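Chain by chain, the residues run as shown.
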Amino acid sequence: MDKQVIESQVRMYMFDLLNTAKEHGFKGEDSWELSMVTNSERIKIQKDYYPTLAAKIVPEILLQVLHTIRTRLNQSNKGEQKPDDRNALNEDLNYLVAFNPKRPRS
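The shown structure was predicted, so the numbers you read here are calculated from the model rather than taken from an experiment. (Residues numbered from 1 in each chain as written. Predicted model: local features only at pLDDT ≥ 70, side-chain atom pairs only at ≥ 80, totals over all residues. Heavy atoms only, no water.)

## Comments concerning the overall build of the protein
Reasoning step 1: Within the protein, the regular secondary structure consists of 3 helices and 3 strands.
Reasoning step 2: Going from N to C terminus, the protein has its helices and strands arranged as α-β-α-β-α-β.
Reasoning step 3: Considering only contacts within the protein whose residues lie at least 6 apart along the sequence, 85% involve residues at least 24 apart.
Reasoning step 4: Of the accessible surface of the protein, which amounts to about 6600 Å², a share of 49% is contributed by carbon and sulfur atoms. (Helix = DSSP H or I, 4+ residues; strand = E, 2+ residues; numbered from the N terminus. Contact = heavy atoms within 4.5 Å. Areas by Shrake-Rupley, 256 points an atom, 1.4 Å probe, with all protein chains shown as cover.)

## Let's talk about the packing of aromatic side chains
Reasoning step 1: The tally for this structure, following the rule as stated, stands at 2 aromatic pairs.
Reasoning step 2: One cation-aromatic arrangement involves R42 over Y95; the distance from NZ or CZ to the ring centre is 4.8 Å. (Phe/Tyr/Trp six-rings, centres within 6.5 Å; stacked < 30°, edge-to-face > 60°. Lys NZ or Arg CZ within 6 Å of the ring centre and 35° of its normal.)

## A look at the environment of L96
Reasoning step 1: Considering the arrangement of structural elements, one finds L96 in strand β3 (residues 95-99).
Reasoning step 2: Given the relative accessible area of 0%, L96 is considered buried.
Reasoning step 3: Separated by 34 residues in sequence, L96 and L62 have C-alpha atoms that sit 7.3 Å apart.
Reasoning step 4: When neighbours within four sequence positions are excluded, L96 is seen to be in contact with Y13, S35, L53, A54, A55, I57, L62, V65, L66 and I69. (Buried < 20%, exposed > 50% of the residue type's maximum accessible area, 1.4 Å probe, protein only.)

## Some words on the nonpolar core
Reasoning step 1: Core analysis: the biggest nonpolar cluster contains 21 residues, and Y13, L17, I57, V65, I69, L96 and A98 have the highest contact counts within it.
Reasoning step 2: Every element with two or more residues in this core is listed here: α1 (3-23), β1 (33-37), β2 (52-56), α3 (59-72) and β3.
Reasoning step 3: With 6 residues, the top contributor of residues to this core is α1.
Reasoning step 4: When residues no more than four places from it in sequence are discounted, the contact partners of L17 are W32, L53, I69, L73 and A98.
Reasoning step 5: Listed in part, the 5 residues of the second largest apolar core include V37, I45, Y95 and F99. (Core = buried A, V, L, I, M, F, W, Y, C linked by side-chain atoms within 4.5 Å.)

## Focus: the pairing of β1
Looking along a regular strand, one sees side chains alternate from face to face of the sheet.
Reasoning step 1: Counting buried residues in β1 gives 5 out of 5 residues, a clear majority hidden from the surface.
Reasoning step 2: Along β1, one buried face is formed by E33, S35 and V37 and the opposite face, lined by L34 and M36, is buried too.
Reasoning step 3: Both β1 and β3 contribute to a ladder of 5 bridges, which runs antiparallel. Bridging across to β3, V37 finds its partner in Y95. (Pairing = 2+ DSSP bridges.)

Take it as geometry only, folks, not as evidence of what the structure does.
Quick look at the structure:
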């Protein structure tokens, strides 16, 4: 896919992510956990955590968008399952979800 499409997706997601963090009073120690997930996993995360930010992204560029956003947020993989271990095309991964694990839904 075209680099412009990837950049456009990254910019829109980052804009929403930063606005959501500001609206919900994120402090310096608060951070987003980013995951590539299926629709059912997205629903579970949205039930368990608040706020969440989910975006449907075509599987062909999902991994590139995830890596670019993590780079812009200065995040590494933090010992979690490497995103490369999950193949977006084979596992029906089509959502990028951000949530803060320290903010479970009450």
